[in-house]
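Letter by letter, the chains look like this.
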Amino acid sequence: MIDVTRFDDAKAYDAKGHFGMTAMRLQGQGVTGLEDYWVGFSTFLPGGGADKAAAPTGKVYVVLEGEITVTTAEGDTVIGKYDSCYIPPNTERSIINATNHAVQMLVISPN
């Protein structure tokens, strides 16, 4: 049996270290029975982003609308519409929406 999360039923949650954005879990992390990883949907307003931090798990970002700037020790990388990036575990990063348009992004990460 498939486990569907309807976007209109998804609930926003407070994403620690993030600002000027809304985050919703679509799969995993108690929303569904998915145990190996989770999928989130984030909307970043202009100027919104995430403070510099590192996570013990890797993350995949997939930009669905707009562009977001990811900053690591290697510098800034702009991720645009339909682009994706992988951030390895324990990589310190910050993100910022430096544009005047909202950004919509999927986040996929192991638990």
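Residues numbered from 1 in each chain as written. Predicted model: local features only at pLDDT ≥ 70, side-chain atom pairs only at ≥ 80, totals over all residues. Heavy atoms only, no water.

### Let's talk about the nonpolar core
Here comes step 1: If you look at the biggest cluster of nonpolar residues, it comprises 17 residues, and the most contacted ones within it are Phe44, Tyr61, Ile68, Val70, Ile95 and Met105.
Here comes step 2: Elements represented by at least two residues in this core include exactly strand S2 (18–27), strand S3 (37–53), strand S4 (59–65), strand S5 (68–72), strand S7 (84–87) and strand S9 (103–110).
Here comes step 3: The contacts of Val70, once residues within four sequence positions are left out, are Tyr61, Gly75, Asp76, Thr77, Ile79, Cys85, Ile87, Arg93, Ser94 and Ile95. (Core = buried A, V, L, I, M, F, W, Y, C linked by side-chain atoms within 4.5 Å. Buried < 20%, exposed > 50% of the residue type's maximum accessible area, 1.4 Å probe, protein only. Helix = DSSP H or I, 4+ residues; strand = E, 2+ residues; numbered from the N terminus. Contact = heavy atoms within 4.5 Å.)

### Quick look at the pairing of S5
Regular strands place their side chains on alternate faces of the sheet.
Here comes step 1: Across five bridges, S5 lies against strand S6 (residues 75–79) in antiparallel orientation. From the neighbouring strand, Thr72 faces S6, where its bridge partner is Gly75.
Here comes step 2: Connecting the antiparallel pair S5 and S6 is a turn made up of two residues.
Here comes step 3: As paired strands, S5 and strand S8 (residues 93–96) are joined by three bridges and run antiparallel to one another. Across the sheet, residue Val70 finds its bridge partner in S8, namely Ile95. (Pairing = 2+ DSSP bridges.)

### Some thoughts on the layout of surface pockets
Here comes step 1: Its volume calculated, the largest pocket comes out at about 560 Å³.
Here comes step 2: Every residue lining the largest pocket is counted, 32 residues in all, and those nearest its centre are Lys16, His18, Trp38, Lys59 and Arg93.
Here comes step 3: Among the elements that take part in the lining of the largest pocket, S3 stands out by supplying eight residues, more than any other.
Here comes step 4: Taken as a whole, the second largest pocket encloses approximately 230 Å³ of empty space.
Here comes step 5: Lining the second largest pocket are 13 residues, and of these Thr72, Glu74, Tyr86, Ile87 and Thr91 sit closest to its centre. (1 Å grid on protein atoms, 1.4 Å probe; cavity = no way out; pocket = protein on both sides within 12 Å on 5 of 7 lines; lining within 4 Å. Points joined across faces, edges and corners; volume = space filled by probe spheres on them.)

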